[in-house]
Amino acid sequence: MKVLIVIPAYNEEELIRQTVTRVLDFLRQQRGYDWRLLVAENGSCDRTVEILRELSAEQPPAQFRFESFPARSKSGAIKQAWLSEDADIYIHMDADLSTNLAHLPELVEGICEGFDMVIGSRCLPQSDVERSGRRNLISGGYNLLTRLLFSLNVSDLQCGFKAVSRGTRDEIVRRTRHLSEGFMDTEMLILASVKGLRIKEVPVCWRDERKTRFNFWTVVSQFILNMLRVKFDLLRGRYE
Ligand SMILES: Nc1nc2c(ncn2[C@@H]2O[C@H](COP(=O)(O)OP(=O)(O)OP(=O)(O)O)[C@@H](O)[C@H]2O)c(=O)[nH]1
Ligand SMILES: [Mg+2]
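This one's a predicted model, so the numbers in the text were calculated from it and none came from an experiment.

Turning our eyes to something else, we now look at the pairing of strand 2 (residues 34-41). Along any regular strand, the residues point their side chains to alternate faces of the sheet. Most of strand 2 sits inside the fold, with seven of its eight residues counted as buried. Sheet analysis places strand 1 (residues 2-9) next to strand 2, joined by eight bridges and oriented parallel. Paired with Val 6 across the two strands is Leu 38, which belongs to strand 2. Once you follow strand 1 into helix 1 (residues 16-28) and on to strand 2, the crossover reads as right-handed. Strand direction decides the pairing type here: strand 2 and strand 3 (residues 64-68), joined by five bridges, are parallel. Paired with Leu 37 across the strands is Phe 64, a residue of strand 3. This β-α-β element, strand 2 to helix 2 (residues 48-58) to strand 3, shows right-handed connectivity.

By size, the foremost hydrophobic cluster in this structure holds 39 residues, and its most contacted members are Val 39, Phe 64, Ile 91, Met 93 and Leu 104. Among the elements of the structure, strand 1, helix 1, strand 2, helix 2, strand 3, strand 4 (89-93), helix 4 (104-112) and strand 7 (161-165) are those that each provide at least two residues to this core. If near-sequence neighbours (up to four positions away) are discounted, Met 93 is found in contact with Ile 5, Val 6, Ile 7, Pro 8, Val 23, Leu 101, Leu 104, Gly 160 and Phe 161. Within the second largest apolar cluster, 34 residues are counted, among which are Ile 78, Tyr 90, Tyr 142 and Leu 189.

Right, let's get into the environment of Asp 88. Counting through the fold element by element, Asp 88 comes out in the loop between helix 3 (74-83) and strand 4. In this structure Asp 88 touches Met 1, Lys 2, Val 164, Ser 165 and Arg 166, once residues within four positions along its chain are discounted. In this structure the side chain of Asp 88 is engaged in a polar contact, spanning 2.6 Å, whose partner is the backbone nitrogen of Lys 2.

The backbone of Leu 97 shows a phi angle near 50 degrees, a positive value even though the residue is not glycine. By the element assignment, Leu 97 lies in the loop between strand 4 and helix 4. Positioned with a positive phi, Ser 151 is a non-glycine residue whose angle comes to about 50 degrees. Structurally, Ser 151 is set in the loop between helix 5 (133-150) and strand 7. The exposed category is assigned to Ser 151, whose relative accessible area is 63%.

Our focus in this paragraph is the sheet that holds strand 4. In spatial order, the strands read 3-2-1-4-7-5-8; together these seven strands make up an open sheet with mixed pairing. At either margin of the open sheet sits one strand with a lone partner, and together these are strand 3 and strand 8 (199-203). Taking each pair of neighbouring strands and ignoring which way they run, the sheet shows an average axis angle of 20 degrees. For strand 4 and strand 7, the ladder comprises five bridges, and the chain directions are antiparallel. Residue pairing in the sheet places Ile 91 in a bridge with Ala 163 of strand 7.

Let us look at helix 3. Extensive coverage of helix 3 is indicated by the burial of seven of its 10 residues. Along helix 3, the positions that sit buried rather than exposed are Ser 75, Gly 76, Ala 77, Ile 78, Lys 79, Ala 81 and Trp 82. On the buried face of helix 3, the contacting elements are strand 1, strand 2, strand 4, strand 7, helix 6 (166-171) and helix 7 (184-194).

With that out of the way, let us pick up the packing of aromatic side chains. One pass over the full model with this rule turns up three aromatic pairs. Joined through ring pairs, the aromatic side chains of Tyr 142, Phe 183 and Phe 223 make up one cluster. Over the ring of Trp 206 we find Arg 122; its NZ or CZ atom is 4.4 Å from the centre of that ring. Over the ring of Phe 115 we find Arg 198; its NZ or CZ atom is 4.3 Å from the centre of that ring.

Parameters at a glance
Each chain carries its own residue numbering, running from 1 in the direction its sequence is written. Chains carry letters from A onward and ligands carry numbers from 1 onward, assigned in written order. Whole-chain, interface and lining totals are the exception, using all residues; otherwise, since this is a predicted model, local features are given only for residues with pLDDT of at least 70 and side-chain atom pairs are given and counted only at 80 or more. Side-chain numbers here rest on the full set of heavy atoms in the structure, without hydrogens or water. Relative accessibility thresholds used throughout: buried, under 20% of the residue-type maximum; exposed, over 50%; partly exposed, between the two (1.4 Å probe, protein chains only). Going along the chain from the N terminus, every DSSP run of H or I of four or more residues is numbered as a helix, and every run of E of two or more is numbered as a strand. Any two strands with at least two DSSP bridges between them are considered paired. A crossover counts as right-handed when, viewed with the strands pointing away from the observer, the path leading from the first strand over the helix to the second turns clockwise. Here the nonpolar core consists of buried residues drawn from Ala, Val, Leu, Ile, Met, Phe, Trp, Tyr and Cys, with membership extended through side-chain atoms lying within 4.5 Å. We call two residues contacting when some pair of their heavy atoms lies within 4.5 Å. Pairs of N or O atoms are called polar contacts if they sit within 3.5 Å, as long as, within protein, a hydrogen donor faces a hydrogen acceptor (for residues adjacent in sequence, only side-chain-to-side-chain pairs). Working convention: axes come from line fits to C-alpha atoms, limited for helices to the stretch in contact. Angles between N-to-C directions cover 0 to 180 degrees. Centres within 6.5 Å are what make two rings of Phe, Tyr or Trp a pair, Trp counting through its six-membered ring; a difference in plane orientation under 30 degrees is then read as stacked, over 60 as edge-to-face, and the rest as tilted. Throughout this description, the term charge over a ring refers to an Arg CZ or Lys NZ atom that lies within 6 Å of the ring centre and within 35 degrees of the ring normal.

Just distances and angles here, no functional claims.
So this is what it looks like as structure tokens:
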């Protein structure tokens, strides 16, 4: 069983070294599966790439590598990274490690149990979350909208902590079309649910301390527009 863990990274000079080191230390304690960590960068203009080069020189290539992808967004980088290697399980998680790493084995176990996707959720009764009220409100409204538009029965769409099986990568992820910011998460969940795939939600411990780098209204309008595009594409059979 091979697990590919992808961390998308854009201008992360302040934390990328510490994150890679922590994740590698954690993975080295895991037993029962092979893994590889891949940092998917694209176009950072700070010292991220320089630091990643240093890390590559220090770490065994079988366990760690980074690549600068031509993608233009977080989702684009994750998709290209997932398609760049053969594995049995594909994971992505955010560079700030806002989801507690202790949940990583739960993603792997869920896929081994036969689920097609296993996703972290900040919205289940057992989730342990410290986030601003504003962010909770935004993600609550967003989840409600997708529920209304697509009858999607998932509590948290955009948590940056997900795993898919190789079959899901080939059937669903390859077909995603709208990759601005982190929208692929939503699009792949919609497609998976339309296809009747099995999705497991894992309540996570989430700490999000850093200030958002996105402009609120730009992201909200882009995500709503993308949802309408997915609706339209589904009606036109463009995912077939
Ligand atoms: N490769 C790549 N990674 C990105 C890009 N934008 C963001 N990321 C990474 O995506 C992850 C999540 O980024 P955050 O800045 O925390 O954004 P978010 O979690 O989507 O949104 P908030 O935290 O709610 O602001 C981090 O690992 C970022 O480095 C991008 O354009 N390309
Ligand atoms: Mg974040």
